[in-house]
Amino acid sequence: SIEVGADLEIIFGLEYMYLKEINEVANIDELSQVLAQVLERFTESAFNVQNVRNKDIIFKAMNYIRENYSRDINLDEVASEVGLNPSYFSKLFKEEMEISYSDYLNKVRIEASKKLLNKDIPLVEVAQQVGFNDQSYFSKVFKKFEGVSPGKWKKGIRENLK
């Protein structure tokens, strides 16, 4: 991932996070699920930024989003963090990443929520912990990205672990 341009801090952060998760695995089915997520995240981090012209700005924005997704962050805040006008930052992010700022933020939040859904935490609490103030909006966004509701996703995971 690093060789093709992925951000070193992101890769090492992912590595640490997933090593911890792998150490907590209880069975082979759970391990295969975690390893599939690891592969997807490392591949995504490499290919999403491989052709980005403004890597420094985009990396800084991506890092800021990943570190602060659980708060109520907005486009103005992230644009300010990277030193750009919000409308220009929004346009640049969309052009470079081929995903809007808000979709990227929601994607990061949904990925984080999937880790929490593996635990026995109520949906309303999962939504709040990943930065959604409204559980129904969380469910709507989750379904947009995953194709199923968080409840069905959680149920499917539990059935696969049996």
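Residues numbered from 1 in each chain as written. Predicted model: local features only at pLDDT ≥ 70, side-chain atom pairs only at ≥ 80, totals over all residues. Heavy atoms only, no water.

Q: Report on the overall build of the protein, specifying residues and quantitative values.
A: For the protein, the helix and strand inventory stands at 9 helices and 0 strands. Of the regular secondary structure in the protein, the N- to C-terminal order runs α-α-α-α-α-α-α-α-α. When burial is assessed residue by residue, the protein has 40% of its 162 residues classed as buried. Within the protein, counting contacts between residues at least 6 apart in sequence, those at least 24 apart form 59% of the total. Of the roughly 9,400 Å² of accessible surface on the protein, a fraction of 50% belongs to carbon and sulfur atoms. (Helix = DSSP H or I, 4+ residues; strand = E, 2+ residues; numbered from the N terminus. Buried < 20%, exposed > 50% of the residue type's maximum accessible area, 1.4 Å probe, protein only. Contact = heavy atoms within 4.5 Å. Areas by Shrake-Rupley, 256 points an atom, 1.4 Å probe, with all protein chains shown as cover.)

Q: Go over the packing of aromatic side chains with me, naming the residues and quoting the values.
A: Applying the stated criterion across every chain yields a total of 7 aromatic pairs. Here the aromatic cluster, defined as three or more aromatic residues joined through ring pairs, consists of Phe132, Tyr137, Phe138, Phe142 and Trp153. Positioned above the aromatic ring of Phe132 is the side chain of Arg109, whose terminal nitrogen or guanidinium carbon lies 5.5 Å from the ring centre. (Phe/Tyr/Trp six-rings, centres within 6.5 Å; stacked < 30°, edge-to-face > 60°. Lys NZ or Arg CZ within 6 Å of the ring centre and 35° of its normal.)

Q: Can you explain the packing of helix H6 (residues 101-117) against helix H8 (residues 135-146)? Please cite residues and give values.
A: Here H6 crosses H8 at 95°, and the two axes come no closer than 10 Å. Our classification of the angle between H6 and H8 gives roughly perpendicular. In this structure, H6 uses Asp103, Asn106, Lys107, Ile110, Glu111, Ser113, Lys114 and Leu117 to contact H8, whose residues at the interface are Tyr137, Phe138, Val141, Phe142, Lys144, Phe145 and Glu146. Here the residues of the contact of H6 with H8 sort into 7 nonpolar, 2 polar and 6 charged. (Axes fitted to C-alpha atoms, helices over the stretch in contact; angles between N-to-C directions. Parallel < 35°, antiparallel > 145°, perpendicular 65-115°, else oblique. Nonpolar A, V, L, I, M, F, W, Y, C, P; charged D, E, K, R; others polar.)

Q: Provide a residue-level description of unusual backbone geometry, including the pertinent values.
A: One non-glycine residue with positive phi stands out, namely Glu98, at about 60°. Residue position: Glu98 is located in the loop between helix H5 (86-97) and H6. According to the relative accessible area criterion, Glu98 is exposed, its value standing at 70%.

Q: Pulling in residues and values, what's your account of the pattern of salt bridges?
A: Under the criterion given, the structure shown has 5 salt bridges. The partner of Lys144 in a salt bridge is Asp103, with the nearest N and O atoms 2.9 Å apart. With a gap of 41 residues between them, Lys144 in helix H8 and Asp103 in helix H6 connect regions that are remote in the sequence. A residue is classified by how much of its surface remains accessible, and Lys144, at 57% relative accessible area, is exposed. Accessibility expressed as a relative area gives 23% for Asp103, which makes it partly exposed. Of the charged contacts, one joins Lys114 and Glu146 as a salt bridge, the two residues approaching to 3.2 Å between their closest N and O atoms. (Salt bridge = Lys/Arg side-chain N within 4 Å of Asp/Glu carboxyl O.)

The values are spatial; any link to function lies outside them.
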